Each structure stands twice: as structure tokens, then as C-alpha cells.
Amino acid sequence: MTSPVRKVLIIGGGFSGMSAAIEFAKLGAEVELVEIDPGWRSYGAGISLGGATLRAFRQLGILEAFLEHGAASDGVQIRLPHGLQVGELPTPRLAGHDVPGGGAIMRPVLARLLAEATRASGTTVRLGCTFSAIEQDAEGVDVSFTDGQRRRYDLVVGADGLYSNVREALFPDAPKPRYSGQACWRAIVPRPPEIRTATMWIGPKVKPGVNPVSKTEMYLFITEPRPTNERVDPTTFVDQVRALLADFPAPELQAIRDGLGPDSQVVFRPLEGMLMPRPWSQGRVVLIGDTVHATTPHLASGACIGIEDAIVLAEEVGRNERVEAALAAFEARRWERCRMVVENSARLGEIEIAGGDKEEHARIMRESLMALAAPI
Ligand SMILES: Cc1cc2nc3c(=O)[nH]c(=O)nc-3n(C[C@H](O)[C@H](O)[C@H](O)COP(=O)(O)OP(=O)(O)OC[C@H]3O[C@@H](n4cnc5c(N)ncnc54)[C@H](O)[C@@H]3O)c2cc1C
């Protein structure tokens, strides 16, 4: 069967867009990717990855590189603020019996691995460039670019993230990103030998955690309630993280607290979410990743579902003779899983903000992680 898509444009070179480039190139399509950031940068924080993400890495062909440059382990340890372990969330081995069920890596390292795979796929990458107009008819999409070029494609994939211009151009009435009332701090710290896997300390309303990103380093993350989304002065970052850790006597957290300094790469991020109702496409333009389902990080699965979108989209385009049928099949396969991640993550955040029911929190975590283990 011949694919209806010979020329594809991807707008946005984040994890979702790069994954789409890699998978469409496998179909034999001529793939172009435009990324607005001339430096194609990714900020310096860690990212946690579950078994479903590692399964997707295997499909993309970057699993070996991830295992070499990141860190993989099984299970998520749940502890009380003093350090007593009260549970462990299972992380099923989904990428193969010999590959742990989760892990983490530095974002710039993952971005580099995906960028190398994107370029190796034959994708034409244009940096510092974006679209200025999108016009389509039944047979194709004409795109004008900010560098003055104008080209025609069989399919356009919008992967330009939470504040997407493609979504704004196509669906001006789509819901806007919504502040969740919680913020997240992250930092890079030395990894002591006793930290072997993702570990979280559950306080009344504040939740610190660590996850190894390499043999020698791990990243610290802390969620805290913040009723309003105001700017935080970066010169106060280290002191604010220290203050949040003061209520956690666990020795590992106190050692981190003592060691925090100017080199800890502290990042602050208000947590926002957005789930766009269906449809996720208009004609021959389809949206994937955070562009349509930006989740708060409570299930550590935002990147996962964006990367999976890319895999499923290419799969459906490869097996359907009509673009319309492929996009409908893509959306039908993705909607429920992505809705589940966004809505369950939001509920976990609400429970944390309210200092609510820890049992419900643990149940939602367990059920969501089991649901994510299902085939895509
Ligand atoms: C605090 C925090 C912690 C998180 N932790 C995790 C985690 O542990 N695990 C996990 O799986 N997920 C996590 N996530 C979610 C994850 O980071 C996102 O879901 C994922 O990065 C989305 O990728 P994306 O490619 O869809 O969008 P983005 O990463 O936003 O990429 C969009 C790309 O498009 C480019 N772009 C923007 N506008 C344009 C334009 N007009 N034209 C061209 N290019 C454009 C941008 O420069 C960017 O490169 C977290 C999110 C937050 C906020």
C-alpha cells in the first residue's frame, strides 16, 4: 500500500516533534522540521521516564543510547518525611525483561540523543524558523515560513508545545493553559550510593523526590502549593529550596539541603495543564504532544504520551490510504490514554495542595501506572 503522505512538515523540535520526524522518516516520507529556537536548546533539569517511555525509546531506536547516558532502575520508593519507607510503586518492565521499568536523564542529554536520531533519519531541520501562514485544500497544505520560503506538504504536524502558535492559528477557541496552584522546583545534586531508584518523601503538602540521572548525579524535584502564579526572583531560588527541605529530617534530604549552592542548577516552574477537546486535527494539519495535552508532572508521563503520539500517528499514516482516516484512527487510539494522564495528574495535584487523602493519592498513582503499561 502507498502511504498518502510523501511530504511532511513538523512544526516544533521538542521531544514530540523529533519523535515524529524519526518515525515519519521510517515510512520513507520526505520530512522537514522547523524549530523556532536557533540554538535548539533544552533547559538543564532531569526528566523521569517510566517503562512506557523506555518502550517508546526502543521503537525510536534510542534505548541503548539512553541506557548509556541516563540511568535506569526499578520501582519508586515512597517514604515519610523522617525517611521511613512506607511503600514502593511497581514499575513494570515494558521495554524488555532485561531493561528496568523506569529511569531518568538530563533533558539536554535526551534532547541531544533525539536530535542526533532526527538528523540521522534524513530529516531536514531548519532552526530559528517557523510558519507565518498555513493554507490548505483537499490535496495538500501550503505553508509560508518566516525565512520567506513557501512550500506544499501532504501533512503538517503541530508539535510546538503548551503555548502553540499552530493551535492558536487553527483552533483559536481552544482552552488556554491553566495554572494548577502548584509549582515545581528542580535541582541537580550528587547521587549518594544509597539512592538506587526514584524516591519520594510525602509531606503534608510539599513533596520532594529524587531520581538518578547518571551514575554520579540525581535530580531533586519538589512540588509545593502556591495559590498565585507570581514571578519568583532567581536570586532567592537556593534559599527557597532550602526552606522547603527544612521540614524533611530524612538524612538524604538534609545532605542535599546542606550541599545546595550556585552550581545546583535550580529551576522553578509554575505547573500548568491543558487538555484540548477532540478533534485534534483540521484537514491535513494534526496536533500532538503538549500542544493538545499538557499535563502536570505528577505521573512523570508528559513526554511519554507526546512521544507515543508520534509513534501512533506515523503508524496510522503508514497503514491508511486516506489522511482523514489515518488522523481519525490516531485520535481514537490516543484520546483516552492522554485524557487519563492529564486528568489523573491534575487530581493528584489537587490532593497534594489540599493535604488530602494519601490513600486516594496512592491508588491513583498505582492505577495510572498500570494503565500506562497497556500497549499503545
Ligand atoms: C516541571 C515539569 C516537570 C516535568 N517532568 C516530566 C517528567 O519527569 N517526565 C515526563 O515524561 N514529562 C515531564 N514533564 C512534561 C514534559 O516536559 C512535556 O510533556 C514534554 O516536554 C512535551 O514535549 P513537546 O515536544 O510536546 O513540547 P515542548 O517540549 O514544549 O516542545 C515544543 C518545541 O516547539 C518549539 N516551538 C515553540 N513554538 C514554536 C513555533 N511557533 N514554531 C516552531 N517551533 C516552536 C519549542 O522551542 C520547543 O522546542 C514535565 C513538565 C514540567 C512542566
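Everything below is about the structure shown above.
Because the structure is a prediction, the values reported are computed rather than measured.

Trainee: Go over empty space enclosed by the protein with me, naming the residues and quoting the values.
Mentor: For the coordinates displayed, the defined rule picks out 1 cavity of 30 Å³ or more. Empty space within the largest cavity amounts to approximately 90 Å³. Lining the largest cavity are Ile202, Gly203, Pro204, Lys205, Val206, Lys207, Ile351, Glu352, Gly355, Gly356, Lys358 and His361. Listing elements by their share of the lining of the largest cavity, those giving two or more residues are α9 (323-354) and α10 (358-372).

Trainee: Please provide a residue-by-residue account of the packing of aromatic side chains, values included.
Mentor: Aromatic ring pairs are reported here in terms of the distance separating the ring centres and the angle at which the planes meet. Enumeration according to the criterion identifies 8 aromatic pairs in this entry. Geometrically, the ring pair formed by tyrosine 219 and phenylalanine 221 is tilted, given 5.5 Å between the ring centres and 45° between the ring planes. In terms of burial, tyrosine 219 and phenylalanine 221 fall into one category: buried. With a centroid separation of 6.2 Å and 45° between ring planes, the pair formed by phenylalanine 237 and phenylalanine 268 is classed as tilted. With phenylalanine 237 in helix α6 (residues 237-245) and phenylalanine 268 in strand β17 (residues 267-275), this pair connects stretches of sequence that are 31 residues apart.

Trainee: Would you mind going over the packing of helix α1 (residues 15-26) against helix α4 (residues 107-120) in detail, with residue names and values included?
Mentor: Helix-helix packing is characterised by the crossing angle of the two axes and by the distance between the axes. Close contact between α1 and α4 brings their axes to 9 Å; oriented N to C, the two are set at 25°. Between α1 and α4, the interaxial angle falls into the category roughly parallel. Judged by the twist between their axes, the crossing of α1 over α4 is left-handed. Where α1 abuts α4, its residues Phe15, Met18, Ser19, Ala21 and Ile22 lie against Arg107, Leu110, Ala111, Leu114, Ala115, Ala117 and Thr118. In terms of residue class, the contact of α1 with α4 is built from 9 nonpolar, 2 polar and 1 charged.

Trainee: Please provide a residue-by-residue account of the pairing of strand β3 (residues 46-50), values included.
Mentor: Extensive coverage of β3 is indicated by the burial of 4 of its 5 residues. Bridging between β3 and strand β7 (residues 102-106) involves 5 bridges; their strand directions are antiparallel. Its bridge partner being in β7, serine 48 is matched across the sheet by alanine 104.

Parameters and conventions
All residue numbers refer to position in the chain's written sequence, counted from 1. In view of the model being predicted, local features appear only for residues whose pLDDT reaches at least 70, and side-chain atom pairs are presented and counted only at 80 or more, with totals across whole chains, interfaces and linings using the full set of residues. In computing side-chain properties, one takes all heavy atoms of the structure into account and sets aside hydrogens as well as water. A 1.4 Å probe that fits but cannot get out identifies a cavity on a 1 Å grid over protein atoms alone, an open set with protein on both sides within 12 Å along at least five of seven lines counts as a pocket, and a residue lines either if it has an atom within 4 Å of a point. Grid points are joined across faces, edges and corners, and a volume is the space filled by probe spheres set on the points. For helices the rule is a DSSP run of H or I covering at least 4 residues; for strands it is a run of E covering at least 2, with both sets numbered from the N terminus onward. Stacked, tilted and edge-to-face are the three classes applied to pairs of Phe, Tyr and Trp rings, where Trp contributes its six-membered ring and a pair requires centres within 6.5 Å; stacked means planes under 30 degrees apart, edge-to-face means over 60, and tilted covers the rest. Only protein chains enter the accessibility calculation, which uses a 1.4 Å probe. A residue is then buried if its area is under 20% of the maximum for its type, exposed if over 50%, and partly exposed in between. Comment: axis = line fitted to C-alpha atoms, over the contacting stretch for helices; angle = value between 0 and 180 degrees taken between N-to-C directions. In this scheme, roughly parallel covers angles under 35 degrees and roughly antiparallel covers those over 145, while 65 to 115 is roughly perpendicular and the rest are oblique. The handedness criterion is simple: a crossing whose near helix is rotated anticlockwise from the far helix by less than a right angle is left-handed, and one whose near helix is rotated clockwise is right-handed. Any pair of residues with heavy atoms lying within 4.5 Å of one another is described as a contacting pair. Under the scheme applied here, ten amino acids are nonpolar (Ala, Val, Leu, Ile, Met, Phe, Trp, Tyr, Cys and Pro), four are charged (Asp, Glu, Lys and Arg), and all others, including Gly, are polar. Only strands joined by at least two bridges in the DSSP assignment are considered to pair.

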